Amino acid sequence: QQELGSSSPLWAVLLVPASLVARGLGISVVLPAKLTGVLVATAGSLAAAGLARALGLGLAVELAAGLAIAVDPGLAFAQVSGMEVMLAAGLALLALGQLALGRHKTAGLAAGLAVLARPEMALLAALVLGFGEWQMHRRNAPLRERLWVLAPTLVLVPAWMAFCLMVSGHPLPNTVYAKLASRQEYLSHNLAVVVGQLLPQSPWFARGAGVVLWAVGAMVL
């Protein structure tokens with residue numbers, strides 16, 4: 001029976017080789033899945049370095065960006081969690097880096113795939129595609145080229161929504177509705193937990209200093 005067992009269909013596809021290796025070796029899928037996460041995280045580090053290079057921030061920043069992905073404790077946990085965190089992050093970094101280089105087709109492909117890695121990446125895809133279309137409009141790019149940039153998102157995302165609709169009767173994964181159905185009073189409680197507990201425990205926060213660095217990074221981007 002078909003079921004929406006994952007809100008990240010792209011991650012499920014990437015785990016197929018891990019599953020086949022585990023079956024062939026007669027072992028648990030856990031280790032191959034963790035190795036898959038490490039490989040994806042490595043690609044994410046390269047994408048972070050590539051974004052810094054595309055922005056012309058210098059070799060030191062480029063190396064720091066790549067290493068930050070590898071040594072951050074939260075992301076280190078994500079690498080071996082068996083979840084799609086690093087896949088979505090890596091595709092987001094790739095999309096931004098390619099956009100900075102003016103490679104709109106690759107940026108459009110990464111943005112479209114990012115939505116299949118995490119549904120909320122649709123916000124990033126909209127920004128990347130919108131800014132890319134504006135750039136191409138300014139240089140009078142032909143309509144065919146602009147449609148090619150939009151094509152991955154216009155094909156992949158509606159196809160995934162159609163599958164969701166066919167299986168569950170809703171156009172989005174079940175997890176989205178489960179989260180939205182939470183009672184309204186949980187919102188203020190969760191915000192208090194994030195600000196009062198989660199942020200202070202994050203290494204990057206550094207007693208508030210990290211917010212300044214985050215703001216500077218956002219301005220650069």
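Computed from a predicted structure; not experimentally measured.

About the cut-offs
Each chain has its residues counted from 1, following the order in which its sequence is written. Where totals are concerned, whole chains, interfaces and linings use all residues; where local detail is concerned, this predicted model gives features only for residues with pLDDT of at least 70, and gives and counts side-chain atom pairs only at 80 or more. As a rule here, side-chain values cover all heavy atoms of the structure and leave hydrogens and water aside. To qualify as a helix, a DSSP run of H or I must reach at least 4 residues; to qualify as a strand, a run of E must reach at least 2; elements of each kind are numbered from the N terminus. As a reference, a globule follows 2.2 Å times the number of residues to the power 0.38, and the radius of gyration itself is taken over C-alpha atoms. By nonpolar core is meant a set of buried Ala, Val, Leu, Ile, Met, Phe, Trp, Tyr and Cys residues that side-chain atoms within 4.5 Å join together. The buried label applies to any residue whose accessible area, calculated with a 1.4 Å probe on protein chains only, is under 20% of its type's maximum; exposed applies above 50%, and partly exposed to all values in between. Simply put, an axis is a line fit to the C-alpha atoms, just over the touching stretch for a helix, and the angle between two N-to-C directions goes from 0 to 180 degrees. The scheme is simple: roughly parallel for angles under 35 degrees, roughly antiparallel for over 145, roughly perpendicular for 65 to 115, oblique for anything else. Note: crossing handedness is left-handed where the near helix turns anticlockwise from the far helix by less than a right angle, and right-handed where it turns clockwise. Here, two residues are considered to be in contact whenever any of their heavy atoms come within 4.5 Å of each other. Note on residue categories: nonpolar means Ala, Val, Leu, Ile, Met, Phe, Trp, Tyr, Cys or Pro, charged means Asp, Glu, Lys or Arg, and polar means any other residue, Gly included. Under the pairing criterion, centres of Phe, Tyr and Trp rings, with the six-membered ring standing for Trp, must be within 6.5 Å; the plane angle then separates stacked pairs below 30 degrees from edge-to-face pairs above 60, leaving the rest tilted. Whenever a carboxyl oxygen of Asp or Glu lies within 4 Å of a side-chain nitrogen of Lys or Arg, that contact is scored as a salt bridge.

Asks: Looking at this model, I keep getting lost on the overall build of the protein chain. Mind explaining?
Replies: If you tally the helices and strands in the protein chain, you get eleven helices and zero strands. For the protein chain, the sequential pattern of α-helices and β-strands runs α-α-α-α-α-α-α-α-α-α-α. For 221 residues, the compact-globule estimate of 2.2 N^0.38 gives 17 Å, and the protein chain sits close to it at 19 Å. In terms of overall dimensions, the protein chain has a C-alpha envelope of 50 × 50 × 45 Å along the principal axes.

Asks: So what exactly am I meant to see when it comes to the nonpolar core here?
Replies: Inside soluble globular proteins, nonpolar side chains tend to come together where they are buried. Ranked by internal contacts, the top residues of the largest apolar core, which has 32 residues, are Met-86, Leu-87, Leu-91, Leu-93, Met-121 and Val-128. If you list the elements that add at least two residues to this core, you get α1 (9-25), α2 (30-54), α5 (85-100), α6 (104-117), α7 (122-138) and α8 (143-168). Element by element, the count of residues in this core is highest for α5, at eight residues.

Asks: So what exactly am I meant to see when it comes to the environment of Val-85 here?
Replies: Its location among the elements puts Val-85 in helix α5. Look at Val-85 and you get partly exposed, because its relative accessible area is 40%.

Asks: Just to check I follow, could you spell out the packing of α2 against α5 for this structure?
Replies: A packed helix pair is summarised by two numbers, namely the angle formed by the two axes and the spacing between the axes. The N-to-C vectors of α2 and α5 enclose an angle of 25 degrees; their axes lie 8 Å apart at closest approach. On the basis of the axis angle, α2 is roughly parallel to α5. Pair α2 / α5 crosses with left-handed handedness. Within the contact between the two elements, α2 uses Val-40, Ala-41, Gly-44, Ala-47, Ala-48, Leu-51 and Ala-54 and α5 uses Met-86, Leu-87, Gly-90, Leu-93, Leu-94, Leu-96, Gly-97 and Ala-100. Partitioning the contact of α2 with α5 into residue classes produces twelve nonpolar, three polar and no charged.

Asks: How should unusual backbone geometry be read in this particular structure?
Replies: Across residues other than glycine, the phi torsion is negative in most instances, and most of the peptide bonds are trans. For Asn-140, which is not a glycine, the phi torsion comes out positive at approximately 55 degrees. One non-glycine residue with positive phi stands out, namely Ala-206, at about 45 degrees. Relative to the helices and strands, Ala-206 is located in the loop between α10 (185-201) and α11 (209-220).

Asks: How should the packing of aromatic side chains be read in this particular structure?
Replies: Two descriptors summarise a pair of aromatic rings, namely the distance from one centre to the other and the angle between the planes of the rings. Tallied over the entire structure, the rule returns two aromatic pairs. Relative to Trp-134, the ring of Phe-131 has its centre 5.3 Å away and its plane inclined at 40 degrees; by these criteria the two rings are tilted. With a gap of three residues between them, Phe-131 and Trp-134 both fall in helix α7, about one helical turn apart. For Phe-131, a relative accessible area of 39% translates into the label partly exposed. Classification of Trp-134 by relative accessible area gives partly exposed; the value is 42%. Relative to Phe-163, the ring of Trp-160 lies with its centre 5.9 Å away and its plane at 20 degrees, an arrangement referred to as stacked. One end of the pair, Trp-160, and the other, Phe-163, are both in helix α8, three residues apart, so they sit about a helical turn from each other. Take Trp-160: its relative accessible area is 14%, and that puts it in the buried class.

Asks: I keep staring at the side chain of Thr-153 and nothing clicks. Help me out?
Replies: Residue position: Thr-153 is located in helix α8. Here Thr-153 is in contact with Gly-108, Ala-111, Gly-112, Leu-129 and Pro-158, once residues within four sequence places are set aside.

Asks: What's the story with the pattern of salt bridges in this structure? I'm lost.
Replies: Pairing of side chains with opposite charge becomes possible as their charged atoms draw close. Within this structure, the stated rule accounts for five salt bridges. Put simply, Arg-53 and Glu-62 hold a salt bridge, and the shortest N to O gap is 2.8 Å. Take Arg-53: its relative accessible area is 51%, and that puts it in the exposed class. In this structure Glu-62 comes out as buried when scored by relative accessible area, which is 14%. Measuring nitrogen to oxygen at the nearest pair gives 3.2 Å for the salt bridge that ties Glu-120 to Arg-118. A residue is classified by how much of its surface remains accessible, and Glu-120, at 44% relative accessible area, is partly exposed.

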